[in-house]
Amino acid sequence: MKVLIIGAHGKVGRLLIGELQSKNIDFVAGLRSEEQIKAYKENNIPTQFIDLTGSLDDLKNSIEASGADTIVFSAGAGGAGYDLTIQIDLDGAIKTMMVAEGIGIRRYIMVSSIFIDDRNKWDASGIKPYMIAKHYADVHLRGTELDYTIIHPGGLTDDESIGKIKLVSGDESGTVPRIDVAKAIVQILQTPSTGKKEFSFVSGDSSFADVLK
């Protein structure tokens, strides 16, 4: 396994790097600027330039150059504006799916969010354009031939790891530390039976392995 983390400079992405290193899982940090690449290389972290706003051909060349056989999509515009939200969270995400299918990458992990599929929650979220973009990116992913897993974590915090989660449904909500999202991703990568499945979760009292079973 060689994992390309698209959005490796984000909060979850940076934590995921540490978790992959601790498990000796081969990875490449997908980064969007030369400044980021320089900083990561100084820390001996393998990198690949990934521009989600660029052309489909350029993105294909970048993903191919990474040598990865697995993609974790954890990128996001991060409140940089509605235009970039559409370009990155929707169009950028779908382009990576198109590239993956085109070059034979099968495994694809999408970091989504809770309530993405519940239109009744969009207005109250305060980030409706983001919710819409993520919803339709997930819809597209479900229609691909990729061996995907979509995770829908609750509200993200910077708290220390609790190390346990629980699945939620309907109107259930809650929070989860970003570090536990990263740990869940690693468990998913190591659990082949998670293909073609989705998990909505918050902090709880069950181990990652038990929940994913």
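Residues numbered from 1 in each chain as written. Predicted model: local features only at pLDDT ≥ 70, side-chain atom pairs only at ≥ 80, totals over all residues. Heavy atoms only, no water.

Labelled according to an unreviewed UniProt entry, the protein chain appears under the name SDR family oxidoreductase, originating from Companilactobacillus mishanensis.

Q: Could you give an account of the overall build of the protein chain, naming the residues involved and the relevant values?
A: Per the secondary structure count, the protein chain includes eight helices and ten strands. With the C-alpha coordinates of the protein chain rotated into their principal frame, the extents come out at 40 × 35 × 30 Å. Considering only intrachain contacts with a sequence separation of at least 6, the fraction spanning at least 24 residues in the protein chain is 66%. A total of about 9,900 Å² of accessible surface is found on the protein chain, and carbon and sulfur atoms cover 48% of it. Charge separation in the protein chain, taken as the distance between the mean sites of 23 positive and 29 negative side-chain charges, equals 3 Å. (Helix = DSSP H or I, 4+ residues; strand = E, 2+ residues; numbered from the N terminus. Contact = heavy atoms within 4.5 Å. Areas by Shrake-Rupley, 256 points an atom, 1.4 Å probe, with all protein chains shown as cover. Lys, Arg positive; Asp, Glu negative; His and termini not counted. Charge placed at Lys NZ, Arg CZ, Asp CG, Glu CD.)

Q: How would you sum up the sheet that holds strand β3 (residues 47-49)? Please name residues and give values.
A: Spatially, the eight strands line up as an open sheet ordered β3-β2-β1-β4-β5-β6-β10-β8, and their pairing is mixed. The outermost strands of the open sheet, each flanked by one partner alone, are β3 and β8 (165-167). On average, each strand axis in the sheet is tilted by 25 degrees relative to the strand beside it, whichever way the strands run. Two elements, strand β5 (residues 107-111) and strand β6 (residues 147-153), share five bridges in a ladder whose sense is parallel. Counterpart to V111 in the pairing with β6 is I151. Along the sheet, helix α3 (residues 56-66) makes contact with β1 (2-6), β2 (26-31), β3 and β4 (70-73), crossing β3 at roughly 170 degrees. The sheet contacts of helix α4 (residues 82-103) involve β1, β4 and β5, and relative to β4 the element is tilted by about 175 degrees. (Pairing = 2+ DSSP bridges. Axes fitted to C-alpha atoms, helices over the stretch in contact; angles between N-to-C directions.)

Q: Now, about helix α6 (residues 128-142): what can you tell me, with residues and values included?
A: Along its 15 residues, α6 runs 21 Å from first to last C-alpha, staying within 8% of the 21 Å computed at 1.5 Å per residue. Of all the positions in α6, only M131, A133, K134, H135, A137, D138 and L141 are classed as buried. Lining the buried residues of α6 we find α4, β5, α5 (119-125) and β6. (Expected span 1.5 Å × (residues − 1). Buried < 20%, exposed > 50% of the residue type's maximum accessible area, 1.4 Å probe, protein only.)

Q: Can you break down the packing of aromatic side chains residue by residue, with the values?
A: Per the counting criterion, the structure on display carries zero aromatic pairs. Stacked on the ring of F115, the Lys or Arg K121 has its end atom at 4.9 Å from the ring centre. (Phe/Tyr/Trp six-rings, centres within 6.5 Å; stacked < 30°, edge-to-face > 60°. Lys NZ or Arg CZ within 6 Å of the ring centre and 35° of its normal.)

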